[in-house]
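Understanding the architecture of this molecule
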Amino acid sequence: MSHVAEQVHLSRSEVCGILREELYSEEILHQADTHIFIVVGASGDLAKKKIYPTLWWLFNDGLLPEHTFIIGYARSNLTVESLRKQTQPYMKVTAEDQKKLDAFFSLTSYVSGQYDERSSFEKLHAHMNSLPKGKKANRLFYLALPPSVYEDVTRNIKETCMSQVGWNRLIVEKPFGKDLESSNKLSNHISALFREDQIYRIDHYLGKEMVQNLMVLRFGNRIFGPIWNRDHIGCVVLTFKEPFGTEGRGGYFDEFGIIRDVMQNHLLQMLCLVAMEKPTSTNSDDVRDEKVKVLKSISEIQLSDVVLGQYVGNPQGQGEEKKGYLDDATVPAGSLTSTFAAAVLYVQNERWDSVPFILRCGKALNERKAEVRLQFRDVPGDIFNQQCKRNELVIRVQPNEAVYTKMMTKKPGMFFNPEESELDLTYGNRYKDVKLPDAYERLILDVFCGSQMHFVRSDELREAWRIFTPLLHRIESEKIKPIPYIYGSRGPAEADELMKRVGFRYEGTYKWVNPNKL
Ligand code: NDP
Ligand code: BG6
């Protein structure tokens, strides 16, 4: 995709044309000319809000391989029409798109069946075979399902639905288990049925523009390499914040909590990309080998290095903000599940020894934000009477993607004192006409193309659970009570204290002025 980024003056369809040529090698376009994408759990929320809309965007941009059929599979008694009705509101369709949308839905079909019944999957297989060139087609199975049915579904797919001519790939959604033991059980089950190169474990943060940019920033620039270590970096903060609560999704959330929902996967994956050594190449396994080494260098998290929180309603707030987590009708009364967590962990290797990596995530906070913040150490031998603030390099994943470096500069004019300023690469200013694809668009394309770089390998998963499982078990067995924080706040003050204790310095003096608004 290298030169596509340079084509900022091209129209969207021209860019898509280039992408299509780059992505779909001879191998993909001509080896087997039909693909079948099977959405297992087609009646569900993820399918409706993400999977069908993503397939439509890819189709609309000409990025799905030609002759791709889409089959929905679930227990509900649906039709293509009813599926269309429930998914279309999420598809961002313009009036001009209507004809194309009809063409898209003409490629879709729906099969209703049970998850634990071999005969239902035989029916699905027969349907696939009945499609034009269906027997020879490559097959992608997307498991948009609760993990409780993964075992039945994967066994039935393997036993009845595999293409004998084309390839077969399986896309698995998180959560991959609830702890080390359940995750290992699931992994052992799936890996007894499918080879690792057929399994695509999605962590959609790996499909985000700025998360993918971490490797280019680090390994494509000379300026960062020499300072990317414990000698220069004081601490690293990885943040995920959402300004809304569970809002009816409490049933799922309460079983998992924020550590399993966000920290153990999205934040830990970003940490790996910040901390890993340079891989020998950009091949999937070279990259994943380095990520696994990072995880192996991290000890189990200690409860003393963790702050847990649960939001309560804000009496001064509006609408949903008035409701606390326990007021959500889908949350069990008296639940101790955390909706906020901050944790400090250490990567015990030569590059990072004693540098705190602070992971913070929460729901019902003051803003939507995901970012990576590297705070550098103080300048040694100060000659400016302590006026200099620490440098920070911030990679903002969302919203408003940006990379900025907070730095000191001479106050302009007849002054000689230092002032805080920044080097600012805000995407909205620099890449005005570029539409950044959704994470799912990239990741689904990767599966068509057979690239596993942005997917989680089984050993990564095992290490991630090893780090978090003892903590999770302790929180649950000792019934640790989360600290209440108000809906719309920054979370419990104890999290700021934890960050301060391990060395993060917050000055509160920096002001950014958007040049577009000057
Ligand atoms: P600051 O150094 O002022 O803030 C750093 C972060 O510290 C804050 O975002 C806040 O994050 C956190 N914080 C606030 N209070 C405390 C506290 N008491 N203890 C510990 N941490 C605290 O500046 P930023 O570098 O974040 O930039 C300020 C603003 O300017 C931001 O809105 C940023 O997005 C914007 N900006 C945008 C740029 C761009 O678009 N290119 C360029 C530069 C800046 P949290 O609440 O998450 O803890
Ligand atoms: C999901 C979590 O993995 O990520 C959700 O299960 C969370 O709880 C979501 O809301 C956030 O994704 P994004 O892309 O909106 O930051």
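A brief structural summary. The shown structure was predicted, so the numbers you read here are calculated from the model rather than taken from an experiment. (Residues numbered from 1 in each chain as written. Chains lettered and ligands numbered in written order. Predicted model: local features only at pLDDT ≥ 70, side-chain atom pairs only at ≥ 80, totals over all residues. Heavy atoms only, no water.)

Some points on the overall build of the protein
If you tally the helices and strands in the protein, you get 15 helices and 15 strands. Relative to the globule expectation of 24 Å for 518 residues, the C-alpha radius of gyration of the protein, 24 Å, shows essentially globular dimensions. Along the first, second and third principal axes, the C-alpha atoms of the protein reach 80 × 55 × 45 Å. When the 518 residues of the protein are sorted by exposure, 53% land in the buried category. Considering only residue pairs separated by 6 or more positions, the protein has 77% of its internal contacts joining residues 24 or more positions apart. As displayed, the protein has an accessible area near 23,900 Å², and 51% of this comes from carbon and sulfur atoms. Each charge class in the protein was averaged separately, 68 positive and 69 negative side chains, and the resulting centres sit 1 Å apart. (Helix = DSSP H or I, 4+ residues; strand = E, 2+ residues; numbered from the N terminus. Rg over C-alpha atoms; globule rule 2.2 N^0.38 Å. Buried < 20%, exposed > 50% of the residue type's maximum accessible area, 1.4 Å probe, protein only. Contact = heavy atoms within 4.5 Å. Areas by Shrake-Rupley, 256 points an atom, 1.4 Å probe, with all protein chains shown as cover. Lys, Arg positive; Asp, Glu negative; His and termini not counted. Charge placed at Lys NZ, Arg CZ, Asp CG, Glu CD.)

Some remarks on the site of ligand 1
With respect to spatial proximity, 16 residues lie near ligand 1, and among them R360, R396, K406, T426 and R490 are the closest. The side chain of R396 places a nitrogen or oxygen atom 2.4 Å from an oxygen atom of ligand 1. In this structure, K406 approaches ligand 1 through a side-chain N or O atom, which is 2.4 Å from an oxygen atom. The fraction of the free accessible surface of ligand 1 (880 Å²) that becomes covered by protein chains is 80%. (Near = heavy atom within 4 Å. Polar contact = N/O pair within 3.5 Å; in protein donor to acceptor, adjacent residues only side chain to side chain.)

Some words on the site of ligand 2
Around ligand 2, the neighbouring residues are K174, H204, Y205, K208, F240, E242, R249, D261, H266, K363, R368 and Q398. R249 has a polar side-chain atom sitting 3.1 Å from an oxygen atom of ligand 2. The separation between an oxygen atom of ligand 2 and a polar side-chain atom of K363 is 2.8 Å.

So, the side chain of D97
For D97, the position within the fold is in the loop between α4 (80-87) and α5 (98-106). K100 is the oppositely charged side chain nearest to the buried, salt-bridge-free D97, at an N-O distance of 6.6 Å. Excluding anything up to four places from it in sequence, D97 contacts W56, N60 and K92. (Salt bridge = Lys/Arg side-chain N within 4 Å of Asp/Glu carboxyl O.)

Brief notes about the environment of A341
Mapped onto the elements, A341 comes out in strand β9 (residues 340-346). A relative accessible area of 0% means that A341 is categorised as buried. It is 34 Å that separates the C-alpha atoms of A341 and R430, two residues lying 89 residues apart in sequence.

Thoughts on the nonpolar core
Among the nonpolar cores identified, the biggest contains 148 residues, and F37, I157, I259, L271, F357, L374 and F468 are the most heavily contacted of them. Not counting the four nearest positions on each side in its chain, F468 is found in contact with I259, M263, Q264, L268, I301 and L359. (Core = buried A, V, L, I, M, F, W, Y, C linked by side-chain atoms within 4.5 Å.)

Details of the sheet that holds strand β12 (residues 392-398)
With mixed pairing, 9 strands are arranged side by side in an open sheet as β14-β13-β12-β11-β7-β10-β9-β8-β15. Of all strands in the sheet, those bounded by a partner on one side alone are β14 (418-426) and β15 (483-486). Direction aside, the axes of adjacent strands within the sheet are offset by 20° on average. Where β12 and strand β13 (residues 402-410) come together, 5 bridges link them in antiparallel fashion. Paired with E392 across the strands is K406, a residue of β13. (Pairing = 2+ DSSP bridges. Axes fitted to C-alpha atoms, helices over the stretch in contact; angles between N-to-C directions.)

Such coordinate-based values are descriptive only and should not be taken to indicate function.
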